[in-house]
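# Observations on chain architecture
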Amino acid sequence: MYLYELPTTGAISFYDFCTDVTSEKLYTSHISETTQSRANLRAVLKESKRTQDGEKDHLKLVKILEDYIPKLRGIMTCIASGHIELKSEPTFSWRTTLSANLFNTSPRLSLPSLHADLANALLTYAFALSNLAHAKVASLGTYERDRAISDMDRKAKESQLTVAADLLCRASGIFTYISETVLLEWESASGASSAVVKPPDMSREVNDALAKSSLADAQTLAIRKLLSKSVYDSNVAPGPPLPKSHPSPALISKLHLECSSLYSSARTLAITPSSAGKRKDAPGEVSADVRHYLIEEAAFHDALSHKWLGVDAGENGGNERGGDAVGFLAWAKKELEELKGRKKDRVSNELESVNVFLKHYKKVNDSLHFQPVPTQADLQARVPTGRLVRSATAFVLPQPAFGPGSVEDARRKAEELGLEEESKTTSDGTYAGAGSYF
């Protein structure tokens, strides 16, 4: 799971460019509240920048964004309906949202239009959900390998894995919504999108990449939960034979294959130049950090898919697949050794496990099955397609906090309608048309 560095943003007052033109001044207080809500967002982002990773309050940021985004929508819907007028085109200052950890440069950019602020707020929201998932998983530790853990505690920690995976699926849906809806509406509203130099994280390609990466992260947690009980049961005697609680090795291999495919696709999208990225004045590009992350995750899950294909051949293949078991595990060992210097503990643990299985199946094949070990090319032809068990949660923009489409607006209209009906009543308390039923 990638821990995102959060952006910062400049101060702004909506009073500087918004005017309530309703006769009743219905939205004057809402303009003030929106300004305060955005000031709260700016403050918590600055606080996060100064705080160590393990101490960041990701949930607080999520809640503040969930307060601000409906208010920003309220401003936008009121402008669209003519209840609020713009005195000038607003410009919002955001430091490159993916920051220097992901991009070569991290400039502060001034981006015009409310759509720009909505896009950046949603992007930050997706990052905050992902980071919250990261924090939840980090708090669990390697609980599966704790021989003293109770079933109740283990199941409680498994449920936290599900919560974290759900957060990542929500983040994936937001990234997709930014790519497919918000950026297009921004371009349509500006009418001159080519004049706006957007950072790489405001490109459709990068948001599509982030959506796939988040979904792969969620699937990784699903795999961990699926293996949780069997890892615990294998603590005393790791390796073959598999415990009865172990899920199908063939299924596990397909889940890892899908993770690898998602990370690979994300990497391809992340290095695809957008229309803005082709410009000489475009601010930076996707850095080596994010490319390496996606490449290494893809390679890691590829290796694990080969591991479990080997285990499946060894456990369920009978006499005929002894060579396949050795071949797939030798392949996985080679891939993990190439990653060992970069991923350290996680790779070392998996490499140790692969060596245990490989030693056992090689001994069995050399003494009982005598099956030839296929070449890597032959094994590649037998690799199945991946399987997805988690899907992105489709994102729907929250209702405006005020203005057309809001609960407040519907309530006000209902009250006005009630007053109109009341005014039609006669002096004796009956209403106009009373008794005129047919």
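The name given to the protein chain in an unreviewed UniProt entry is pH-response regulator protein palC, with the source organism recorded as Mycena pura. Taken from UniProt, the Sequence similarities (unreviewed entry) comment for the protein chain reads in full: "Belongs to the palC family."

### Section: the pattern of salt bridges
Any two side chains of opposite charge can pair if their charged atoms end up close together. Scanning the model with the defined rule gives 19 salt bridges in all. Arg38 is paired through a salt bridge with Asp117; the nearest N and O atoms lie 2.9 Å apart. Placement of the pair is Arg38 in helix α1 (residues 28-50) and Asp117 in helix α4 (residues 114-140), with a sequence separation of 79 residues. Neither Arg38 nor Asp117 differs from the other in exposure class; each is buried. Residue Asp366 is joined to Lys362 by a salt bridge in which the shortest nitrogen-to-oxygen separation is 3.0 Å. Remark: Lys362 and Asp366 occur in helix α10 (residues 345-369); sequence separation between them is four residues, near one turn of the helix. Salt bridges linked by common partners bring Asp312, Arg321, Asp324 and Arg382 together as one network.

### A short note on unusual backbone geometry
Note that the residue after Pro240, namely Pro241, is joined by a cis bond; omega there is -5°. Locating Pro241 in the fold gives a position in the loop between α6 (204-233) and α7 (249-270). Here Ser113, not a glycine, exhibits a phi torsion of approximately 90°, which is positive. Mapping Ser113 onto the fold places it in the loop between β4 (108-112) and α4.

### Here's the deal with the environment of Ile271
Looking at the secondary structure, you find Ile271 in the loop between α7 and α8 (288-316). Ile271 sits in the partly exposed class, given a relative accessible area of 38%. For the pair Ile271 and Arg291, spaced 20 residues apart in the sequence, the C-alpha separation amounts to 7.8 Å.

### Side note on the side chain of His301
Turning to its location among the elements, His301 is positioned in helix α8. Judged by its relative accessible area of 1%, His301 is buried. Excluding anything up to four places from it in sequence, His301 contacts Thr220, His256, Cys259, Ser260 and Tyr263.

### Considerations on the packing of α8 against α10
Two numbers describe how α8 lies on α10: the axes approach to 11 Å, and their chain directions differ by 25°. Classified by the interaxial angle, the pair formed by α8 and α10 is roughly parallel. Crossing hand, α8 versus α10: left-handed. Residues Glu297, Phe300, Leu304, Lys307, Gly310, Val311, Gly314 and Glu315 of α8 touch α10, and the partners they reach there are Arg346, Val347, Glu350, Ser353, Val354, Phe357 and Tyr361. Of the residues in the contact of α8 with α10, the class split is seven nonpolar, three polar and five charged.

### Describing the packing of aromatic side chains
The full count for this structure, using the stated rule, is 13 aromatic pairs. Seen in terms of ring centroids, Tyr2 and Tyr293 are 4.9 Å apart; in terms of plane orientation they differ by 80°. Their pairing is edge-to-face. Here Tyr2, found in the segment before β1 (18-20), pairs with Tyr293, found in helix α8; they are 291 residues apart in sequence, far enough to count as distant. In this structure Tyr293 comes out as buried when scored by relative accessible area, which is 13%.

### Quick look at the state of the cysteines
Defined simply, a disulfide is a covalent bond joining two cysteines at their sulfur atoms. For the coordinates displayed, the defined rule picks out zero disulfides. With no disulfide partner, Cys18 has as its closest neighbouring cysteine sulfur the one in Cys78, 9.2 Å distant.

### Section: the confidence of the model for the protein chain
Per-residue confidence for the protein chain gives a mean pLDDT of 89, with 89% of residues at or over 70. Summarising per-element confidence for the protein chain, the mean pLDDT is lowest in helix α3 (residues 99-102) (46) and highest in helix α2 (residues 58-81) (98). For residues 99-104, every residue scores under 50 in pLDDT, and the model assigns this stretch 21 contacts once sequence neighbours within four places are set aside. Contacts for the low-pLDDT stretch residues 275-283, under 50 throughout, to residues beyond four places or in other chains number 17 contacts.

### Quick look at the environment of Lys307
Relative to the elements of secondary structure, Lys307 occurs in helix α8. For Lys307, a relative accessible area of 3% puts it in the buried group. Spatially, the C-alpha atom of Lys307 lies 9.7 Å from that of Val326, the residues being 19 residues apart in sequence. Beyond its immediate chain neighbours, meaning those up to four positions away, Lys307 contacts Leu329, Ala332, Glu350, Ser353, Val354 and Phe357. A polar side-chain atom of Lys307 sits 3.0 Å from a polar atom in the side chain of Ser353.

### Section: the nonpolar core
Ranked by internal contacts, the top residues of the largest apolar core, which has 104 residues, are Phe14, Leu41, Leu122 and Tyr125. No other element matches the 16 residues that α4 contributes to this core. Dropping the residues within four chain positions of it, Phe14 is found in contact with Ile31, Thr34, Thr35, Arg38, Tyr68, Leu72, Ile75, Phe92 and Leu114. Ranked by size, the runner-up nonpolar core spans six residues in total, among them Leu257, Phe328, Trp331 and Val383.

Rules used throughout
Residues numbered from 1 in each chain as written. Predicted model: local features only at pLDDT ≥ 70, side-chain atom pairs only at ≥ 80, totals over all residues. Heavy atoms only, no water. UniProt positions renumbered as here; feature names shortened; annotations may be inferred. Salt bridge = Lys/Arg side-chain N within 4 Å of Asp/Glu carboxyl O. Helix = DSSP H or I, 4+ residues; strand = E, 2+ residues; numbered from the N terminus. Buried < 20%, exposed > 50% of the residue type's maximum accessible area, 1.4 Å probe, protein only. Contact = heavy atoms within 4.5 Å. Axes fitted to C-alpha atoms, helices over the stretch in contact; angles between N-to-C directions. Parallel < 35°, antiparallel > 145°, perpendicular 65-115°, else oblique. Left-handed = near helix turned anticlockwise from the far one by under 90°. Nonpolar A, V, L, I, M, F, W, Y, C, P; charged D, E, K, R; others polar. Phe/Tyr/Trp six-rings, centres within 6.5 Å; stacked < 30°, edge-to-face > 60°. Disulfide = S-S within 2.5 Å. pLDDT = per-residue confidence, 0-100. Polar contact = N/O pair within 3.5 Å; in protein donor to acceptor, adjacent residues only side chain to side chain. Core = buried A, V, L, I, M, F, W, Y, C linked by side-chain atoms within 4.5 Å.

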